[in-house]
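Architecture and fold: a report
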Amino acid sequence: MILSNMPPYKVLLFISVIISVIAADVDVASAFISFEIVPDAISSAPENPLTIKYASGVEVKYGNELAPTDVKDQPMVTWEADPEDFYTLLFVDVDAPSRTEPSIRSVKHWHVGNIPGNNVTEGETIADFFGSGPPADTDLHRYVFFAFKQPDGQIDFSDERKSPKYILNGRLSFSTNDFAEKYSLQLFGGNFYQSQYDDYVPILHAQLRPE
């Protein structure tokens, strides 16, 4: 075998490269179905990947577990976009307050519309970002990013309640399906991670308020 003739460090490097290649070739739709994001959060699965990286160094990878401490800051989100098109980005907690009793499914953690291409910073922010805050003893929550194409170009989102950072008004019991149907959005891409309570959560919760 080829591997038997390699030094140990080269074997490890070879294996890591293979794992990276396999991980990169994710079937996005199958991942969304496997983790039951379809139908819990949306009626159909996205086909295209989103790349999501945090300043802490972690990256979202289709159901990997990330600590709230590591995802507390707004990430960089990119996708293969047509620069002539406009997109909407949504980030939601599907399992609020828990996966077994999701009575306020979903909670909107971030919402940006009218994004030119994949330049999220140039879009219209409808809900400012805040990170994951799964309550204690509620096990893993699924945190999902969706990118939608706006087939008719820019949209007037003036009907949507603006939610500044840490303000809950306009975020609870948010339906991704209903929002997409209201504005005739086309589901383009997605990614997601899982998270459960850690020591950062009480810090986040202390900053949240209704208005």
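Residues numbered from 1 in each chain as written. Predicted model: local features only at pLDDT ≥ 70, side-chain atom pairs only at ≥ 80, totals over all residues. Heavy atoms only, no water.

Let's talk about the environment of Tyr54
Within the secondary structure, Tyr54 is located in the loop between strand 2 (51-53) and strand 3 (64-65). When sequence neighbours within four positions are dropped, the list of residues in contact with Tyr54 reads Val60, Asp70, Val71, Asp73, Pro75, Phe91, Phe129, Phe145 and Tyr193. (Helix = DSSP H or I, 4+ residues; strand = E, 2+ residues; numbered from the N terminus. Contact = heavy atoms within 4.5 Å.)

Quick look at the pairing of strand 9 (residues 186-195)
Among the 10 residues that make up strand 9, 8 are buried, leaving the element largely enclosed by the rest of the structure. Of the pairings in the sheet, the one linking strand 1 (residues 48-49) to strand 9 comprises 2 bridges and is parallel in character. Among the inter-strand pairings, Pro49 is bridged to a residue of strand 9, identified as Gly190. In this structure, strand 3 lies alongside strand 9, joined through 2 bridges in parallel fashion. Following the sheet pairing, Glu65 is matched in strand 9 by Gln194. As defined by bridge partners, strand 8 (residues 141-150) adjoins strand 9 across 9 bridges and the pair is classed as antiparallel. By the bridge assignment for strand 9, Phe145 is matched with Asn191. (Buried < 20%, exposed > 50% of the residue type's maximum accessible area, 1.4 Å probe, protein only. Pairing = 2+ DSSP bridges.)

Notes on the pairing of strand 8
Of all 10 residues that make up strand 8, 9 are buried, and the element is covered over most of its length. The pairing of strand 5 (residues 86-93) with strand 8 spans 8 bridges and is antiparallel. Bridge pairing in strand 8 places Leu90 opposite Phe146.

Re the pattern of salt bridges
Overall, the coordinates contain 9 salt bridges when judged by the stated rule. Between Asp40 and Arg142 there is a salt bridge, with its nearest N and O atoms 2.9 Å apart. Here Asp40, found in helix 3 (residues 37-40), pairs with Arg142, found in strand 8; they are 102 residues apart in sequence, far enough to count as distant. Among the residues examined, Asp40 registers a relative accessible area of 26% and is labelled partly exposed. Overall, the relative accessible area of 0% leaves Arg142 in the buried class. Taking the shortest distance from any N to any O, the salt bridge between Lys72 and Asp73 comes out at 3.6 Å. (Salt bridge = Lys/Arg side-chain N within 4 Å of Asp/Glu carboxyl O.)

Focus: the confidence of the model for the protein chain
Within the protein chain, residue pLDDT values average 91, and 88% of them lie at 70 or more. Note that residues 9-24 has pLDDT below 50 and, in this model, 4 contacts with residues that lie over four places away or in other chains. (pLDDT = per-residue confidence, 0-100.)

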